[in-house]
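The chain contents come next:
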Amino acid sequence: MFPLLRIAIWFSLGIALGLHLPSVMSPWWLWGLLLACAGALTWLSVPRRDKTAASPHQLRHLAESLLTGGSVALTGALLCLMERQSLDVAWPEVAAQHFVVISSEPRQTERSVSTDAITLDGEGRKLRLYFSSDTDPRLLAPGRLLHITARIERPRQCHRGNFDYRQYLLAHGYVGTAFVSSRQVDTGGNEALLRQLSATQRLRLRFMIWRHGLLQRYGQLSIDTAETAVLRAMTLGDKTQLPQRVRQAYSDTGASHVLALSGLHLSIVAWFMLLWVRQRRFVVPAGVLTLALVWGFALVAGLPVSVVRAATMVSVYVVMRMGKRDSNGLNSLSLAALLILTASPLSLCDVGFQLSFLAVAGILGIVPSLQPWLTALQERMEPLPEPLNRMAAAALSVVWNLTAVSVAAQIGTAPLMAYHFGQLPLYFLAVNWLVIPLAYGILCIGLPSVILPPLLHLTAPLLRWLLHTMNAGIGRIAAWPGACIGGLHPSAFDVVLCYLLIVAIYLITTFFIRPPTRFSTMP
């Protein structure tokens, strides 16, 4: 029923195996096993005349299924091992000189300024650099060529609860980290050095430079610093200016997805967009418009890894809907996962990747099963006069869809959030009722305004009100008693049990509990 889902599961299991293989292991061992599986499959597929000598049909089918799944798993393990080996760079044991180009917005902390950079040595390796706090911030703007003297090291092991910082860096393509003193950095280098970067790296760098210019326009608005930081995060994906108290408030209330231009945020947005597409006659033009908006948004955001991942996921789903192959949303989701994991197998270790796909899986699995309940509630409104009936049905549909999507996404991600972050928000539903409509307003107004400067000052009062309302609402909900359940420390085994329980409850409610066809009316 879900062939791509089974392939994605086998592929993910193979990647998990590749994560535990020694990095010094030769890939030829996996190549040999893969060829052996392929040979066995070929042998089993050859028809035989002597049926008595052949294996029973059931055993033969089981063997073919296991060999096919094993081949897919070995492919995932092979790609994972190769990527791990490509990221395992042997850096010099002493400080050396390097030419790099800054590729992200700098983030200021009390002790240092962190930013991303790409080496201009012909390899185009991605680094996480930490500059001393007295470094001139103008040197750290995206696109600046720097000549640094530093000792680059491989990402070190650093655990914060169940969060593995080293694995996070590797999943995002970082091959090294370094601390750079202000006395060891200087501007320099020829623009011709940029030709050593790949076409994708140059394209991403150009859009990061453009985004840096767009972010500077927000400084022209007479808006509170915290509100400006939220606007920068929501519209252009820059969270470097967010105050810690704002981060904590959004995290405690379960509203962090609004600040992240990644899977969870775009998944909820795409779900409502696809509902709109399904209700229109011209599906293909509407789908093309959706793809243009999603990738245009990704380009303006500077094509960070999280946005590219989410845009790929949305694109696959939209294309499948445009081709009228929308009967199984889980197959579309599985295809997106396969594309992303094939390009970057270590993405499986990224918390954002996991939350993105689990949130969408929850939405695709739970929300459609609740549709009969909405239909029954709408039929209950038939005795109302016609204008009121249409208005009430539309309002009920909006509230129902928002509630269903919020609950489904929370169910899909709750065990993993408890595992990685050790806490769960209690009032997530009230938060989503507040922030989702405001977020749509901020995005629809803020992004066109920053691209078209004349609109920026015209829309500033409305943006200020929307941002203030959202921040104030989040702050008040965060102050409610029991807003966040902390101190959770589930093991990986506990998380697996939770998801098995969720699947069991879903199957029981889907196949054994019949939704009402119509609510009984009052006498």
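Per chain, residue numbering runs from 1 following the sequence as it is written. At least 70 in pLDDT is required for a residue's local features to be given in this predicted model, at least 80 for side-chain atom pairs to be given and counted, and no such filter applies to totals for whole chains, interfaces and linings, which use all residues. Excluding hydrogens and water, the side-chain figures rest on all heavy atoms present in the structure.

J.: How should I be thinking about the nonpolar core in this particular structure?
T.: Burial of nonpolar side chains together is a common tendency in soluble globular proteins. Val230, Met234, Tyr250, Ile442, Met470 and Ile474 are the most contacted members of the largest nonpolar core, which has 50 residues in total. Strands here mean DSSP runs of E at least two residues long; helices mean DSSP runs of H or I at least four residues long; both are numbered from the N terminus. The greatest single-element share of this core, amounting to 10 residues, is contributed by helix α16 (residues 428-451). We call two residues in contact when some of their heavy atoms are within 4.5 Å. Not counting the four nearest positions on each side in its chain, Met470 is found in contact with Val230, Met234, Tyr250, Val258, Leu434, Val435, Leu438 and Ile442. Within this scheme, the nonpolar core is defined by two criteria: the residues are buried Ala, Val, Leu, Ile, Met, Phe, Trp, Tyr or Cys, and they are joined through side-chain atoms within 4.5 Å. Burial classes follow relative accessibility: with a 1.4 Å probe on protein chains only, a residue under 20% of its type's maximum area counts as buried, one over 50% as exposed, and anything between as partly exposed.

J.: Before we go on, may I ask you to explain the confidence of the model for the protein chain in this structure?
T.: Predicted coordinates in regions of low pLDDT should not be interpreted in detail. Each residue carries a pLDDT value, the predictor's own confidence for that position, ranging from 0 to 100. In this model, the protein chain carries a mean pLDDT of 82, and residues with pLDDT of at least 70 account for 86%. Ranking the helices and strands of the protein chain by mean pLDDT puts strand β4 (residues 126-132) first, with 94, and helix α9 (residues 263-278) last, with 54.

J.: For this particular structure, what's the right way to read the packing of helix α1 (residues 3-20) against helix α12 (residues 329-343)?
T.: Between two packed helices, the angle of one axis relative to the other and the distance separating the axes together describe the packing. Every angle, taken between N-to-C directions, lies between 0 and 180 degrees, and every axis is a line fitted to C-alpha atoms, over only the stretch in contact when it is a helix. Direction vectors running N to C along α1 and α12 enclose 30°, while the axes themselves pass 8 Å from each other. Between α1 and α12, the angle falls in the class roughly parallel. Along this stretch, α1 crosses α12, giving a crossing that reads as left-handed. For the pair formed by α1 and α12, the contact residues are Pro3, Leu4, Leu5, Ile7, Ala8, Phe11, Ser12 and Ile15 on the first element and Asn331, Ser334, Leu335, Leu338, Leu341 and Thr342 on the second. Put simply, Ala, Val, Leu, Ile, Met, Phe, Trp, Tyr, Cys and Pro go in the nonpolar bin, Asp, Glu, Lys and Arg in the charged bin, and everything else, Gly too, in the polar bin. Classifying every residue of the contact of α1 with α12 by side-chain character gives 10 nonpolar, 4 polar and no charged. Here is the rule for angles: anything less than 35 degrees is roughly parallel, anything more than 145 is roughly antiparallel, 65 through 115 is roughly perpendicular, and the remaining ranges are oblique. Each crossing gets its hand from how the near helix is turned against the far one by less than a right angle, where anticlockwise is left-handed and clockwise is right-handed.

J.: What am I meant to see in the pattern of salt bridges here?
T.: Once their charged atoms are close, side chains differing in charge can pair, the charge on each being opposite to the other. Here a salt bridge means any side-chain nitrogen of Lys or Arg lying within 4 Å of a carboxyl oxygen belonging to Asp or Glu. In the structure shown here, the tally under the stated rule is 8 salt bridges. Close ionic contact of Asp116 with Arg128 constitutes a salt bridge, the shortest N to O distance being 2.8 Å. Of this pair, Asp116 sits in strand β3 (residues 112-119) while Arg128 sits in strand β4, placing them 12 residues apart in sequence. Summarising the burial analysis for this pair, Asp116 and Arg128 share the class buried. The partner of Arg232 in a salt bridge is Asp238, with the nearest N and O atoms 2.5 Å apart. The residues Arg232 and Asp238 share a single accessibility class, namely buried. Bridged by salt links that share partners, the residues Glu93, Arg151, Glu153 and Arg156 form one connected network.

J.: I'm lost on the pairing of strand β5 (residues 145-150) in this one. Help?
T.: Side-chain direction in a regular strand flips from residue to residue, so the side chains alternate between the two faces of the sheet. By the convention used here, strands pair only if DSSP detects at least 2 bridges between them. Looking at chain direction, strand β1 (residues 96-102) and β5 are connected through 6 bridges and run antiparallel. Pairing of Val100 across the sheet is with Leu146, part of β5. The pairing of β5 with strand β9 (residues 185-187) spans 3 bridges and is classified as antiparallel. For His147, the partnering residue across the bridge sits in β9 and is Asp186.

J.: Explain helix α5 (residues 199-217) to me, please; I cannot follow it from the model alone.
T.: Because an α-helix completes one turn every 3.6 residues, residues spaced three or four positions apart along the sequence face the same direction. The terminal C-alpha atoms of α5, which comprises 19 residues, lie 28 Å apart, in line with the 27 Å expected from a rise of 1.5 Å per residue. Taken together, the buried positions of α5 are Leu205, Phe207, Met208, Arg211, Leu214 and Leu215. Here, expected helix span is obtained from the residue count minus one, scaled by 1.5 Å.

J.: Got a minute to help me understand helix α17 (residues 453-478) in this structure?
T.: Along its 26 residues, α17 runs 35 Å from first to last C-alpha, staying within 8% of the 38 Å computed at 1.5 Å per residue. For α17, the set of buried residues is Leu456, Thr459, Ala460, Leu463, Leu466, Leu467, Met470, Asn471, Gly473, Ile474 and Ile477. Against the buried residues of α17 lie α5, α6 (225-236), α7 (244-253), α8 (256-259) and α16.

J.: I keep staring at a nonpolar patch on the surface and nothing clicks. Help me out?
T.: A cluster of nonpolar side chains, Val503, Tyr506, Leu507, Ile508, Phe511, Phe512 and Ile513, forms an exposed patch at the surface whose accessible area comes to about 730 Å². With respect to the helices, strands and loops of the structure, Phe512 is situated in the segment after α18 (492-511). Phe512 sits in the exposed class, given a relative accessible area of 67%. Note that patches include only residues with greater than 30% relative accessible area and no salt bridge, and the join distances are 9 Å for like charges and 5 Å for nonpolar side chains (Val, Leu, Ile, Met, Phe, Trp, Tyr). Accessible surface is estimated by sampling points in the Shrake-Rupley manner with a 1.4 Å probe; for residues, cover comes only from the protein chains shown.

J.: Help me understand the packing of aromatic side chains, please; the structure alone is not making it clear to me.
T.: A ring pair, where both rings are aromatic, is described by two values, the distance of the centres and the angle of the planes. Any two rings among Phe, Tyr and Trp, with Trp reduced to its six-membered ring, count as a pair given centres within 6.5 Å; such a pair is stacked if its planes are under 30 degrees apart, edge-to-face if over 60, and tilted if neither. Applying the stated rule across the entire model yields 4 aromatic pairs. With 6.0 Å between their ring centres and 20° between their planes, Tyr165 and Tyr168 make a pair best called stacked. Taken together, the residues Tyr165 and Tyr168, both in helix α4 (residues 165-171) and 3 residues apart, mark about one turn of the helix. Residue class for Tyr168 comes out partly exposed when judged on its relative accessible area of 26%. Pairing Tyr427 with Trp480 gives two aromatic rings, centres 5.1 Å apart and planes at 75°, and the pair type is edge-to-face. In this pair, Tyr427 is assigned in the loop between β10 (424-425) and α16 and Trp480 in the loop between α17 and β11 (484-485), connecting sequence segments 53 residues apart.

J.: Looking at this structure, how should I read the packing of α6 against α17?
T.: Close contact between α6 and α17 brings their axes to 10 Å; oriented N to C, the two are set at 95°. When the interaxial angle is binned, α6 and α17 end up roughly perpendicular. The residues of α17 that touch α6, namely those facing Ala226, Glu227, Val230, Leu231 and Met234, are Leu463, Arg464, Leu467, His468, Met470 and Asn471.

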